[in-house]
Every structure is written in structure tokens, then in C-alpha cells.
Amino acid sequence: MARRAAQPCAGDDRGVAQPRGREHLIVASLIVALLGTAWLVDPFAQAGFDAPKRLVALIAAAVAVTALLWRVDVGAMCNLFLHRDTPAHAPRLARLALLAALVALAGVLLATLVAQAPAASASTLRTLLLFALFLPLGASHALDGEGGRRVLVAALLAAAVNAVISLLQWVGLDLPFAASQAGGRYPTGALLGNEAYVALSGALMAAAGSALGLSASTVRYRWTGWALLVLGLAVMLANRQRTSLVAVFAAIAVLASLRWRALRWAPFAAAALALLLGVCAAAPALRAQTWARLPVSVDTWQQLTTHRLGAWAAAVEMIATKPWTGYGPGSYANQAQVQRFAAEIVLRRRLPPPQPAIAFAQAHQEYLQVAAEAGLPVLAAVLAALGWLLSGLLRLARDVAATRVRLEARMMLGVIVAGAVAALTWFPLQIPFTAIMLLLACGRAWRLLATARSPGA
């Protein structure tokens, strides 16, 4: 019996032109959010680099979501999950990722309800929910086609301008204004106010550029991609940011493996590496030249991690004392000092910050901070959603027949991998500009996966 064609759900309006004005408003709001969080500065404010960026991000998110929900397309959403002309793995992985994200959201709400400081956690939750709106905005129809290209150009342009300004500051240029407060160790923070923030945004830009350079079908796009990669590497080297460099190289490794179809050799490479490490550990002569030279002392690791061990120990102590629900969103800054002291007592070792008067307001490890503030179940749900999303992107970037979709999937994959690696020692989801870039990339990646068509369909 011939297979029946998938019937559209009630209210399906495929083929009917979507309201272009609404899509243009969404795209314009996202562009304003990206450019505003990258460039907007209030030199007279106490947090002149951060406060105006958060304000424009929240306003843009509210405007864009209002436009998105002005006429909810229930039929299109139904078909997105139920139509049968997609590869079996694509909608399944998309649904699993969405389910895990919803579980994480429920866990965060629960952590807020039982938080030690409910009012403060509720305030933080409102901000988190507004920023989380960039996930569905990234997955919206508005970013299909030309709208998505404009948002991508805005993101890359915003990061590139900050990278150029940072390099100019590195050679001696001063900004034409004096801000009330700036962060970082070097005066090369450009319009983001911190050289590490500039390097992180440069890492995301470089990851997208490497995808263009490796996979674009035209010479102009390939050269553009290589130029973005070189610019990103230059700003990371100038600002001495090892985390960003590692994040970019991780993204390049994944993208290069896709480009030359080397992923099938990954298990063999991992086995060979494990064998080599085992041989070096077993042979005394090799062990003396390899394992024995590793930086095993606490002081050495403190130097390598820029004194982050105390911040991590505080987060681990928070997880140990409240593993299921955490202390509530936004609680790390208030708990860090007390919990670090508790961890030092257990470890019988001082883990001071870089300067005695400085206390870490972030754990400098997104995954630990999520678990410390919202509990281990929320962290597990976040990691599951990320894992399913990356798994689907890898298949899509490798298997899809359409060149444009494959290129877009690889760009989103590079950006997300770079962000996930950077989150191991930094907090890209707490910096407005990089947070919006990553959330939009995750939303767009989810839509590519959920709407993937089989070759020839």
C-alpha cells in the first residue's frame, strides 16, 4: 500500500505568505540587541559597560517576542513536530533536546521557589527568562533566508569591530571617553570593558569564520571566513587569553574533521592516545619525562587557572550541601566567600583570589555554577539538551545534501562548540553579547535540526 502523504495539522498555512512586517521587526530587534550589547557604553554610569548592554538586550528581547507571538502559528508548530518527511533522527533529537530544556526550566523555577533568598533569586530569574527568549527567537521563521543572514552579519560585524578596537588599544590607542569603571587586567577591553570578553566574542567570531573558510562554496566567503579567523586569533593572542584559544582550536578540530570526513577515525585516535598515555605511565624512563613533569601542585594550578580554584571549590561546596535544588538563581555571588572558606577548611588549604580585596562574583565555570545555583538535575538536563543538539548538528553537518544548510549547520556547530568549551573556565552566558550570540545559535541549530529534510525530499 502506498504511504499516505502527511496531512497538515489544523490551521496549517504553508504556502501562505507570513506577515513580513512582523518578521522584519524580529530581525531588526535582534540586530539592535547584538549591536547594542557589543557597542553601547554609558561612560557616566557605575557599570557603564554592562548596564546599558543588559537594558538594550532585555528591551529588544521583549519587542521581538511580542512580534513573534502577535499571531501564533499553531499549525506550523504542529507540522514542525509531526510531519513525516524528515529523517527519523532529526525530529527525535530535536524533541529530546526541547524536552530536556523544558525540564531544566522547571528545575530553575523550583530552585527559585526554595531558594535561601527568594526575592533575590526571583529578580535574577526574571532576567534569566528574558535572556532565554533568545532561544525561541533563534528558532523562529524570521531567521530563515535573508533575515538569518542579516542577523549573522550583525553578530560578526559587532565582534569584529570590538576586536579591531582592542588591537588598536593594544598598540596605544585610548578610547575617546573615560568610563567610571572598567574590568580586566589590560586596557584593551574595547567597548565590552574587559579584554577577556573581547577575546570570548572573538572566539565565537573565529569559530564561525573557520566554518566559512573550510566549507563555503565561493571564494569570497572562504576568504571572509579566514579573515575573521585571523582577526579573532590576533585579538586572543594580544590579550593573552588561553581559554578562548583552546575554545577556537576545539571548534576548528571538529569542523576540520567534518570537512575531511575524519570523524570515523576519532575512536581509533582516542584508543591510540589512551595506549600512549598508559605506556608513558608504565615505563619509568618515559614517566619521568611526561607524567612527572605535569603541574601537580596547587600553587601551579592556581597560576595556570588565574586563581580560579577557590571559585570552583566554592561552587563544589554549594553543590555538596544542596545538590538537588541548589541555592537559587543568582546566589553564587553572595555564597562564594562563605563557601570558599568552608571548602578551605575541608581541604586544609588556602585558595585565595588573585587579590585579597577581590571576590569572584561568578564561578568561572558555567556548569558548576548551574549546579550550585539550580541543582545537579538541572545541570544534567542542560547537558542532555546540549548533547542531543550537538549530536543532531553533527549528523546534519555531515549528511545533508543541501550545501547552504550544511554550511549553516557547521557555522552553528562551531559557535556552540567554542562556547561550550569556553564555559569550562569562563562564563559566556553571563556576558550579554556572547550570551545572545550563543542562545541565538542554539535556537537556530534546533530549527535546522527540527526541519531537516532527507536528501531529495
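Structure: above.
Only a predicted model underlies this, so the values are computations on that prediction, with no experimental measurement involved. (Residues numbered from 1 in each chain as written. Predicted model: local features only at pLDDT ≥ 70, side-chain atom pairs only at ≥ 80, totals over all residues. Heavy atoms only, no water.)

Caption draft 1: The arrangement of the packing of helix α8 (residues 195-215) against helix α19 (residues 432-450) in detail. At a closest axis distance of 9 Å, the pairing of α8 and α19 adopts a crossing angle of 25 degrees. By the criterion of interaxial angle, the relationship of α8 to α19 is roughly parallel. Classified by chirality, the crossing of α19 by α8 is left-handed. Residues L200, S201 and L204 of α8 form the contact with α19, whose own contacting residues are F433, T434, M437 and L438. The residue inventory of the contact of α8 with α19, partitioned by class, reads five nonpolar, two polar and no charged. (Axes fitted to C-alpha atoms, helices over the stretch in contact; angles between N-to-C directions. Helix = DSSP H or I, 4+ residues; strand = E, 2+ residues; numbered from the N terminus. Parallel < 35°, antiparallel > 145°, perpendicular 65-115°, else oblique. Left-handed = near helix turned anticlockwise from the far one by under 90°. Contact = heavy atoms within 4.5 Å. Nonpolar A, V, L, I, M, F, W, Y, C, P; charged D, E, K, R; others polar.)

Caption draft 2: Here's a closer look at helix α2 (residues 51-68). Taking 1.5 Å per residue, 18 residues should reach 26 Å; α2 reaches 26 Å between its end C-alpha atoms and fits that length. Those residues of α2 not exposed but buried are P52, K53, V56, A57, A60, A61, A64, V65 and A67. (Expected span 1.5 Å × (residues − 1). Buried < 20%, exposed > 50% of the residue type's maximum accessible area, 1.4 Å probe, protein only.)

Caption draft 3: Region of the structure containing the packing of helix α9 (residues 219-238) against helix α10 (residues 242-259). Orientation of α9 relative to α10, taken along the N-to-C sense of each, is 155 degrees, at an axis distance of 9 Å. By the angle between their axes, α9 is roughly antiparallel relative to α10. Contacts between α9 and α10 pair L229, L233, M236 and L237 from the former with S244, L245, V248 and I252 from the latter.

Caption draft 4: Empty space enclosed by the protein, seen in detail. The final tally for this structure, using the stated rule, is one cavity of 30 Å³ or more. Taken as a whole, the largest cavity spans an internal volume of roughly 80 Å³. For the largest cavity, the lining is made up of 13 residues, of which A336, Q337, R340, A359 and F360 are closest to its centre. Put simply, the parts of the chain that give the lining of the largest cavity at least two residues each are α14 (309-321) and α15 (332-347). For the lining of the largest cavity, the element with the highest residue contribution is α15, accounting for four residues. Among the residues forming the lining of the largest cavity, the class breakdown is 10 nonpolar, two polar and one charged. (1 Å grid on protein atoms, 1.4 Å probe; cavity = no way out; pocket = protein on both sides within 12 Å on 5 of 7 lines; lining within 4 Å. Points joined across faces, edges and corners; volume = space filled by probe spheres on them.)

Caption draft 5: Just helix α16 (residues 366-374), in detail. Judged by how many residues are buried, α16 sits mostly within the fold: seven of nine residues are covered. Among the residues of α16, those classed as buried are E366, Y367, Q369, A371, A372, E373 and A374. Where α16 begins, one side-chain oxygen reaches toward the backbone nitrogen of Y367, 3.0 Å away; that side chain belongs to Q365. A positive backbone phi angle near 100 degrees is found at G375, which sits one or two residues after α16. (Polar contact = N/O pair within 3.5 Å; in protein donor to acceptor, adjacent residues only side chain to side chain.)

Caption draft 6: Representation of the packing of aromatic side chains within the structure. Taken as a whole and assessed by the stated rule, the structure comprises four aromatic pairs. On the basis of an interplanar angle of 45 degrees and a centroid distance of 6.3 Å, the ring pair of F131 and F134 is categorised as tilted. According to the relative accessible area criterion, F131 is buried, its value standing at 9%. Feature note: the residues Y197, W426 and F427 constitute an aromatic cluster, connected by ring pairs. Taking the ring centre of Y327 as reference, the NZ or CZ of K322 above it sits at 5.4 Å. (Phe/Tyr/Trp six-rings, centres within 6.5 Å; stacked < 30°, edge-to-face > 60°. Lys NZ or Arg CZ within 6 Å of the ring centre and 35° of its normal.)

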